[in-house]
Amino acid sequence: MPELRKDPIIGRWVIISTERAKRPNDFKVLHPEEEEGVCPFCEGHEKDTLPEVFSIRKKGSKKNASGWDVRVVPSISQKLSVNGVVDRRGVGMYDVMDPVGAHEVIIESPKHYADIYELPRPQIELVIKASVNRIIELGKNVDLKYCLLFKNHGLRAGGSKTSKHIRSQIIATPVTPTRVKEELRGSRFYYKFKDRCIFCDLSRQELEEKKRVIMETRHMLAIAPYASRFPFEIWILPKKHCSDFVDIRKEEIKDLALVFKTVLRKLSTALNDPPYNYMLHTAPFRHAERPGYWNTIKEDYHWHIEITPRITEVAGFEWGSGFYINPMPPEDAAKYLREI
Ligand SMILES: [Zn+2]
Ligand SMILES: [Zn+2]
Ligand SMILES: [Zn+2]
């Protein structure tokens with residue numbers, strides 16, 4: 001029998017169709033021959049991108065020249081600009097504002113790798129440090145409310161045709177994204193009710209039950225969420241409660257790098273390099289005191305990373321209802337990923 005499962009945080013329903021449960025092999029991705037152009041992100045091609053806004057580089061190397069480990073540049077397709085002021089106004093009943101924000105690309109290696117698990121662990125740690133640095137920096141702009149860190153891997157996940165060079169992106173916006181708002185509301189509601197963080201409760205239960213745990217280290221936990229929307233969906237959370245990603249501790253960075261490397265390698269092996277997205281969900285910037293709104297955010301929200309493989313189609317029913325249909329029970333996905 002299929003099951004209707006409810007996501008405990010935002011209340012979204014998912015149909016887990018255990019009835020026609022597929023085997024992991026059924027999800028393996030086929031790759032047509034893809035040709036890549038000249039890569040603007042490789043070391044030595046610094047002039048092919050916009051001037052960098054941040055980099056971690058070797059001593060003595062110059063800005064916008066080779067000698068870097070991680071480089072952050074504005075996106076050439078940016079839709080938002082840091083120059084400007086938020087001018088929110090009404091057009092009749094509609095709301096409009098100027099596109100204030102930032103869109104940056106984090107180039108995660110000077111060498112031409114395509115997936116994060118191919119990087120040595122210390123390099124992934126540098127990538128995490130660069131991300132933290134950018135979020136802190138962008139957060140100083142009082143016009144910005146949120147900073148979404150995400151990755152598009154593979155064409156179907158929004159990756160580019162010209163180059164597979166490993167990179168993630170940051171988009172900072174003057175508003176909090178709806179998906180995050182739903183989580184913030186759900187977490188606050190739960191906290192008000194139980195005086196506990198919903199993500200901490202969820203982690204505790206998953207660690208007890210074990211069946212949806214993919215990997216655990218001293219500081220990090222990777223699970224297949226109970227109401228997974230997609231086959232092989234993965235969430236990564238710090239075990240110690242923390243609302244803001246930028247407060248990540250040294251030992252957590254080490255563990256997160258290891259979990260990233262391991263879990264994404266498992267995913268790639270299991271499904272033959274599937275397209276996927278991942279995004280960081282962290283608390284919004286809190287510039288102004290908002291009475292009654294941010295009061296408990298440090299206690300009630302818990303940062304995490306969601307990895308969503310793009311191997312099934314999202315169709316009319318999903319678009320129209322907000323339900324998802326997932327033909328792969330997360331328990332089976334977790335078991336498969338654990339053992340691979
Ligand atoms: Zn490259
Ligand atoms: Zn928590
Ligand atoms: Zn989330």
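Because the structure is predicted, anything quoted here is derived from the model rather than measured.

**Q** Give me the lowdown on helix α2 (residues 178–194), citing residues and values where you can.
**A** Its 17 residues give α2 an end-to-end C-alpha distance of 24 Å, which sits within 8% of 24 Å, the value for a rise of 1.5 Å per residue. Turning to α2, its buried residues number three or more, namely V180, E183, L184, G186, S187, Y190 and Y191. Where the residues of α2 are buried, they touch β8 (146–153), α3 (198–209), β13 (276–281), α5 (297–300) and β14 (304–309). Phi for D195, located one or two positions after α2, is positive at around 65°.

**Q** Lay out helix α1 (residues 121–138) with the relevant residues and their values.
**A** One turn of an α-helix holds 3.6 residues; hence residues three or four places apart share an orientation. In this model α1 runs 26 Å from its N-terminal to its C-terminal C-alpha over 18 residues, within 8% of the 26 Å that 1.5 Å per residue would give. For α1, every residue scored as buried is listed here: Q123, I124, E125, V127, I128, A130, S131, V132, R134, I135 and L138.

**Q** I'd like to hear about the coordination of the zinc ion (ligand 3), residue by residue, with values.
**A** Taken together, E183 (OE), E183 (OE), H281 (ND1), H304 (NE2) and E306 (OE) make up the full set of protein donors to the zinc ion (ligand 3), lying 1.9 to 2.7 Å away. When the donors of the zinc ion (ligand 3) are listed by position in the chain, the intervening gaps give E-x97-H-x22-H-x1-E. In this pair, E183 is assigned in helix α2 and H304 in strand β14, connecting sequence segments 121 residues apart. Look at E183 and you get buried, because its relative accessible area is 3%.

**Q** Explain the sheet that holds strand β2 (residues 13–16) residue by residue, including any values.
**A** Here we have 3 strands laid out as an open sheet, ordered β1-β2-β15, and mixed in their pairing. Each edge of the sheet is formed by a strand with only one pairing partner; in this case those strands are β1 (3–6) and β15 (324–326). Sheet twist, expressed as the mean angle between neighbouring strand axes with direction ignored, is 30°. As paired elements, β1 and β2 share 4 bridges and run antiparallel to each other. Considered in β2, the bridge of E3 is made with I16.

**Q** Just give me the short version of the nonpolar core, but keep the residues and values in it.
**A** Counting 58 residues, the largest nonpolar core has I236, L256 and I307 as the members making the most contacts within it. Ranked by the residues each element gives to this core, the list is headed by helix α4 (residues 250–271), at 10 residues. The contacts of I236, once residues within four sequence positions are left out, are M220, L221, A222, L256, V259, F260, H304, I305 and I307.

**Q** So what about the coordination of the zinc ion (ligand 1)? Which residues, and what values?
**A** At 2.0 to 2.3 Å from the zinc ion (ligand 1) lie its protein donor atoms, namely C39 (SG), C42 (SG), H112 (ND1) and H165 (ND1). Considering all 4 donor atoms around the zinc ion (ligand 1), the spread of angles at the metal, 105 to 116°, places the coordination shape in the tetrahedral class. For H112, a relative accessible area of 37% corresponds to the partly exposed category.

**Q** Talk me through unusual backbone geometry; I want residue IDs and the actual numbers.
**A** For K210, which is not glycine, the phi torsion reads 65° and is therefore positive. Relative to the helices and strands, K210 resides in the loop between α3 and β10 (213–216). Non-glycine residue N272 carries a positive phi angle of around 60°. Assignment of secondary structure puts N272 in the loop between α4 and β13.

**Q** With reference to specific residues and values, describe the pairing of β2.
**A** A one-sided burial pattern is seen for β2, the buried positions being V14 and I16 and the unburied ones W13 and I15. Hairpin connection from β1 to β2: 6 residues lie between these consecutive antiparallel strands, with G11 at a positive phi of about 80°.

**Q** Outline the packing of α2 against α3, listing residues and values.
**A** Interaxial distance between α2 and α3 falls to 9 Å at its minimum, and their mutual angle equals 80°. Compared by their axis directions, α2 and α3 come out roughly perpendicular. When α2 is examined against α3, the residues E183, S187 and Y190 are found in contact with a partner set consisting of I198, F199 and D201. Residue composition of the contact of α2 with α3, grouped by class: 3 nonpolar, 1 polar and 2 charged.

**Q** Run through the pattern of salt bridges, naming residues and quoting values.
**A** Overall, the coordinates contain 29 salt bridges when judged by the stated rule. One salt bridge connects R5 with E331, and the closest N-O pair in it is separated by 3.0 Å. Pair noted here: R5 is in strand β1 and E331 is in helix α7 (residues 330–339), with a separation of 326 residues, a long-range link. R5 gets classed as buried once you look at its relative accessible area, which sits at 7%. Residue classification places E331 among the buried positions, given a relative accessible area of 16%. With a shortest N-O distance of 3.6 Å, D244 and K298 are connected by a salt bridge. In this pair, D244 sits in the loop between β12 (234–238) and α4 while K298 sits in helix α5, placing the two residues 54 residues apart along the sequence.

**Q** I'd like a description of the environment of P327, backed by residues and values.
**A** Along the chain, the position of P327 falls in the loop between β15 and α7. Overall, the relative accessible area of 10% leaves P327 in the buried class. Sequence spacing of P327 and I128 is 199 residues, and the spatial spacing of their C-alpha atoms is 33 Å.

**Q** Any details on the packing of aromatic side chains? Residues and values, ideally.
**A** Within the structure shown, the criterion is met by 9 aromatic pairs. Look at F260 and Y278: their rings are 5.0 Å apart centre to centre, the planes differ by 40°, and that puts the pair in the tilted class. Of this pair, F260 sits in helix α4 while Y278 sits in strand β13, and the two are 18 residues apart along the sequence. Y278 matches F260 in its accessibility class, with the two residues each being buried. Judged by centre distance (5.4 Å) and plane angle (35°), the ring pair of F317 and F323 falls under tilted.

What counts and how
Residues numbered from 1 in each chain as written. Chains lettered and ligands numbered in written order. Predicted model: local features only at pLDDT ≥ 70, side-chain atom pairs only at ≥ 80, totals over all residues. Heavy atoms only, no water. Helix = DSSP H or I, 4+ residues; strand = E, 2+ residues; numbered from the N terminus. Expected span 1.5 Å × (residues − 1). Buried < 20%, exposed > 50% of the residue type's maximum accessible area, 1.4 Å probe, protein only. Contact = heavy atoms within 4.5 Å. Donors = N, O, S within 2.8 Å, 3.2 Å for Na, K, Ca; no water. Pairing = 2+ DSSP bridges. Axes fitted to C-alpha atoms, helices over the stretch in contact; angles between N-to-C directions. Core = buried A, V, L, I, M, F, W, Y, C linked by side-chain atoms within 4.5 Å. Tetrahedral: all angles 85-135°; square planar, octahedral: opposite > 155°, others 65-115°. Parallel < 35°, antiparallel > 145°, perpendicular 65-115°, else oblique. Nonpolar A, V, L, I, M, F, W, Y, C, P; charged D, E, K, R; others polar. Salt bridge = Lys/Arg side-chain N within 4 Å of Asp/Glu carboxyl O. Phe/Tyr/Trp six-rings, centres within 6.5 Å; stacked < 30°, edge-to-face > 60°.

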